[in-house]
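# Close look at the chain arrangement
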Amino acid sequence: MAGVERSGGEPGAQVRPQSPPPFQYVGALDAFPWTCGNEHCQRPLFDPVSAACCTSYMCRKCIEVGRPCPVCSATVPSVVSVANPRCLTQLDQLEVRCPSSCGQLMSRKKFIHHYPACPRPCPKCGAESTTLSPATQLSHEQTECPMVDIVCDKCNMAMKRGMLKMHIKEDCPVLCRFGCNEKIAPLKQKAHEEAVCPEVSVKCPKCDAQFKRKDTDVHDRNDCPVGCPLGCGMKVPPIKQDQHASTSCAAFLVPCTGMVVGCQWKGPRGQLAQHTVSCAFELQRPILLRLASLENTLLSSLSLMDRHLSSSCVLHEPVLNEEKGYSSTITGVQPGCTSEAQAIVCPTAHPLDWSGKQLSNSTFSGKNLSGFLMCNASLVNADLSGANLSHVNFSKANMRGAILDGADLTSANMAGATLHESSLRGANFHLTILPAALIRTDMTLCNLTHAVIPQAFELSGSILNSTKLPRELPGVNFSNCKLAGFDFSGFLLKGANFLGADLSGTKFSGSILSGANLQGSNLRNCDLSDSKLDSTNLSCSDLGYADCSNADLSGSDLTGVYLCSTNFTNVKLDRFHLAPTATKWERAWDLAADFCDDDATVTNRRPKTVDTDNRRCCAWCSGYVSCEGWKTL
């Protein structure tokens, strides 16, 4: 029963409420003998007790152990429940009236059990209901009572429940229905839409165009037609004013169509037709155009000759004067140097043999040097970019640091030439005989597929971005080259030297690299799937994230290799050499492929491998528990 507790734990213990119900006693209590001895109470006893310090009876709630006694003022050592049958009987028989709506008369003992279940008005809203009892009071307050304080779940405003419907209808902010993301009270929504909301469609008072309010400034600035500023009388949007003026405005000033033959008239476009009828230049237009064409042809020919002699003629440059050792004397028409125009013939002499000449730091950019002899010539730091060098003989020439970007080297002979640290970006090497070494050269965008490449070709330190190479390059020296992202798929690279090269992201899928030297190379993200890498030196290289699936690494040296997330699915590693103490095996994929045999050299057999199938196997061979290196993966 709510509000009551037992005074003891033994069977048959009396049940007493924790606090007295609201007793309304019927009749006078002046002569009732069993009242509380506490002068502040003096009502009929409820849950009576007596103190050990005196014999007075008091309500249990009116006395406290350890505090002064309300009757004798002594410290209360302890209290005991009153066991006087006469006292308890008379207290239980007192007649009381229920203060709830039922108003029944009953004994106090019966009322103690009656009151908790008696229906009565809600203490907050005063609602009366036959079903409203202490058992249903909580449910009433949580769901129905209009006087309970609640918080609006939309705007978090505190109010009484009875005010919620009016609040939602009039004051609770909601998002604007036009999508401007403003929260507006329903009573203010109309004013917001009529004057403020940027997403509401409005009508231009000048041109009746429909657009959103937020686009008003853009419409006024670009699209709303206004009168032509030149005064032609037309209304044109501001953004089209320039187009209107240049194509159709009658007030725009235009020249006469006979301007090309000398007419100086200029006036409004609306008057052009009237002027053309009487223009003397228009009447003589065919004759004047013919004379102008002849004049232009003559001036063009003279200008082309001057330009050729000053900039294009390879034998009319200050760098090729007498003090440099060769002639620049005009001696009449000679073969070998012709201008771009068929009507112009260069009068400059043309010596073809520049063998052994000192041409360092010279500029021949865009010049035509086809067929020249430059054997043993010095072209250090010379600028030959864009020049025509087809069939030129550069054998044993010193071209260190030269610039040949975009030059045409078709069928040129560069055997024995020195091209160290030169720039050959985009040069044409069709049928070109290359020197034995192109060290630290920039060969970006070059095409060497049809060039004549000598044996033991060396490209160490060169830049080969987007360079096209022949598919068979056995023994080529690529040490320290920048080959990031290069595609060597299907290439024959037996014995090639990639020492220290940057090969990140390079594709070697299906290529043959038997006996190649890849020591210290950056092979990160490389595609080595299906490639042949037997007897390859891969020591100290970076194979992080590389794809080595189905590759043949038999007899290879993997000492110090970095294998972070490397794919070794179905790799063949017969007779390979590995020192795992210097090798990083971090998250290498599927290392239970075709592994080592008895000839493999392995030290410290404790690899850190991962096998997603949780197989128990040897990390170095295909056995399960036959060698010391096995572990449970």
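Scope of this entry: the structure provided in the associated data block. Fair warning: this is a prediction, and the values are worked out from it, not measured in the lab.

## Side note on the overall build of the chain
When its secondary structure is counted, the chain shows 10 helices and 23 strands. Buried positions account for 39% of the 633 residues belonging to the chain. Considering only contacts within the chain whose residues lie at least 6 apart along the sequence, 14% involve residues at least 24 apart. Summed over its atoms, the accessible surface of the chain is roughly 34400 Å², and 51% of this surface lies on carbon and sulfur atoms.

## A look at a nonpolar patch on the surface
On the surface, Ile-287, Leu-291 and Leu-294 cluster together into a nonpolar patch covering about 300 Å² of accessible area. Checked against the element boundaries, Leu-291 lands in helix α10 (residues 285-312).

## Regarding the pattern of salt bridges
One pass over the structure, following the stated rule, counts 10 salt bridges. In this structure, the salt-bridge partner of Glu-199 is Lys-212, at a minimum N-O distance of 3.0 Å. Pair noted here: Glu-199 is in the loop between α5 (189-195) and β12 (201-203) and Lys-212 is in strand β13 (residues 210-212), with a separation of 13 residues, a long-range link. It is possible to trace a salt-bridge network through shared partners that takes in Glu-199, Lys-212 and Lys-214.

## A short note on the side chain of Ser-423
Tracing the backbone shows Ser-423 in the loop between α10 and β18 (562-564). Under the relative-accessibility criterion, Ser-423 is labelled buried at 15%.

## Structural notes on the packing of aromatic side chains
Scanning the model with the defined rule gives nine aromatic pairs in all. Note on Trp-354 and Phe-364: the rings are 5.8 Å apart at their centroids and 40 degrees apart in plane angle, and the pair reads as tilted. Residue Trp-354 is located in the loop between α10 and β18, and its partner Phe-364 is located in the loop between α10 and β18; the two are separated by 10 residues in the primary sequence. Taken together, a centroid distance of 5.3 Å and an interplanar angle of 85 degrees make the contact between Phe-488 and Phe-491 edge-to-face. In terms of burial, Phe-488 and Phe-491 fall into one category: buried. Connected via pairs of aromatic rings, a cluster forms that spans Phe-23, Tyr-25, Phe-46, Phe-111 and Tyr-115. Here Arg-108 stacks its cationic end above the ring of Phe-23, 5.0 Å away from the centre of that ring.

## A word on the sheet that holds strand β5 (residues 79-81)
Each strand in a sheet pairs with another by means of backbone hydrogen bonds, the pair being arranged parallel or else antiparallel. The antiparallel open sheet is built from three strands, whose spatial order is β4-β3-β5. Each edge of the open sheet is held by one strand with a lone partner, namely β4 (57-59) and β5. The mean inter-strand angle of the sheet, taken between neighbouring strand axes irrespective of direction, is 45 degrees. Here strand β3 (residues 48-51) runs beside β5; their pairing, made up of three bridges, is antiparallel. If you follow Val-49 over to β5, its bridge partner there is Ser-81.

## Quick word on the state of the cysteines
By the definition in use, this model includes zero disulfides. Residue Cys-155 stays outside any disulfide, its sulfur separated by 3.7 Å from that of Cys-152, the closest cysteine. In this structure Cys-228 is a free cysteine whose sulfur lies 3.6 Å from that of Cys-232, the closest cysteine sulfur available.

Definitions and limits used
- Here the residue numbering is sequential within each chain, running from 1 through the sequence in written order.
- A pLDDT threshold of at least 70 governs which residues receive local features in this predicted model, and a stricter bar of 80 or more applies before side-chain atom pairs are shown or counted, although totals over entire chains, interfaces and linings include all residues.
- To get the side-chain values, all heavy atoms of the structure are used, and hydrogens and water are removed first.
- Strands here are runs of E lasting at least two residues and helices are runs of H or I lasting at least four, both read from the DSSP assignment and numbered beginning at the N terminus.
- Between buried and exposed lies partly exposed: a residue is buried under 20% and exposed over 50% of the maximum accessible area for its type, with that area taken using a 1.4 Å probe on protein chains only.
- Residues are treated as being in contact if the distance between any of their heavy atoms lies within 4.5 Å.
- Using a 1.4 Å probe, accessible areas were evaluated by the Shrake-Rupley method; residue-level cover was limited to the displayed protein chains.
- Only residues whose relative accessible area exceeds 30% and that form no salt bridge are eligible for patches; like-charged ones are grouped when within 9 Å, while nonpolar side chains (Val, Leu, Ile, Met, Phe, Trp, Tyr) are grouped when within 5 Å.
- We define a salt bridge as a side-chain nitrogen of Lys or Arg found within 4 Å of a carboxyl oxygen belonging to Asp or Glu.
- Pairing of aromatic rings covers Phe, Tyr and Trp, the last counted by its six-membered ring, and requires centre-to-centre distances within 6.5 Å; plane angles under 30 degrees mean stacked, over 60 mean edge-to-face, and any other angle means tilted.
- Only Lys NZ and Arg CZ are tested; either one counts as a charge over a ring when it is within 6 Å of the ring centre and within 35 degrees of the ring normal.
- In this description, strands pair whenever DSSP reports at least two bridges between them.
- Geometry is summarised by axes, namely lines fitted to C-alpha atoms with helices restricted to the contacting stretch, and by angles between N-to-C directions that run from 0 to 180 degrees.
- For this text, the term disulfide refers to a pair of cysteine sulfurs within 2.5 Å.

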